[in-house]
Every structure is written in C-alpha cells, then in structure tokens.
Amino acid sequence: QVQLVESGGGLVQAGGSLRLSCAASGRTFSSYTMAWFRQAPGKEREFVAVSSKSGGLANYADSVKGRFTISRGNAKNTVYLQMNTLKPEDTAVYLCAADGGPYSGASQSRSQLYDYWGQGTQVTVSS
C-alpha cells in the first residue's frame, strides 16, 4: 500500500506558476508509476501528466504540453508538477495517483489504471 499527500496548490493569476508536490509513504515509492490528474466541478477527471517508474520517461496531455513538467525527487519519495503559464482553464483539484503494476513505461493516461490516490490540492487561476 502507498499513501499520497499533495501540496502546493493555491490562487495564482493567469500567466503565473505553481509547483505541486506529492509525497508518498508506505511501500517502495520507486516501484510505482506516478501521475497527475485534475478535476473541475461538473467535469470528468482529466489526465495531466505521467512519470515512469524510473522517472526517465514522461508524457503529458495535449492541453498542458510545453507548460507543465512532471519530475521525481532525488529521494524518490516525492513527485512534482511544475506548472507554468497557467490559464484559467487550468483551475481544478489536482490529484496525485500511483500504479504499482509491472508496466514500466509512461503511457498510462486512464484513471482506472491507478490504484492509489491522494486527496487533491486546489489550483485556482484568476483572469
């Protein structure tokens, strides 16, 4: 089992930046594919970014490519989401997710593939 706790959300003006963190505890963190999803009120949960088990591969939703960067900390117990050039449409609760399965790539974009979830952190981008 792994427990995930997100932090770093807040209120920012359009064009600004935030860095989200997801701290993990429990079983070996480095064995998990890690991803970020987001969900706005009344909308479906949306894939944002994924990092492979090693941290060497990453993929992003088209809506955030070139603006967001996912990365792993040196200690391998934290995953980050650097969010630049934020837009009002980025406003959502951002959730960290983990998959402990054997897949070692970075192509998992469906929420159903992830076993563990954090509670979420609110990101609000004002115009």
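Residues numbered from 1 in each chain as written. Predicted model: local features only at pLDDT ≥ 70, side-chain atom pairs only at ≥ 80, totals over all residues. Heavy atoms only, no water.

**Student:** I'm lost on unusual backbone geometry in this one. Help?
**Tutor:** Phi at T85 takes a positive value of approximately 50°, unusual for a residue other than glycine. One can find T85 in the loop between β8 (78-83) and β9 (92-99). On the basis of relative accessibility, which here comes to 45%, the residue T85 falls in the partly exposed class. (Helix = DSSP H or I, 4+ residues; strand = E, 2+ residues; numbered from the N terminus. Buried < 20%, exposed > 50% of the residue type's maximum accessible area, 1.4 Å probe, protein only.)

**Student:** Whenever I open this one, the nonpolar core confuses me. Can you help?
**Tutor:** Note on soluble globular proteins: their nonpolar side chains tend to be buried together. Counting 35 residues, the largest nonpolar core has L4, W36, L81 and Y94 as its most contacted members. Contributing elements (two or more residues each) for this core: β1 (2-7), β3 (18-26), β4 (33-39), β5 (46-51), β7 (68-72), β8, β9 and β11 (121-126). Among the elements that take part in this core, β9 stands out by supplying five residues, more than any other. (Core = buried A, V, L, I, M, F, W, Y, C linked by side-chain atoms within 4.5 Å.)

**Student:** Looking at this structure, I do not really get the environment of Q1. What am I missing?
**Tutor:** Counting through the fold element by element, Q1 comes out in the segment before β1. Look at Q1 and you get exposed, because its relative accessible area is 58%. With 99 residues separating them along the chain, Q1 and G100 place their C-alpha atoms 8.9 Å apart.

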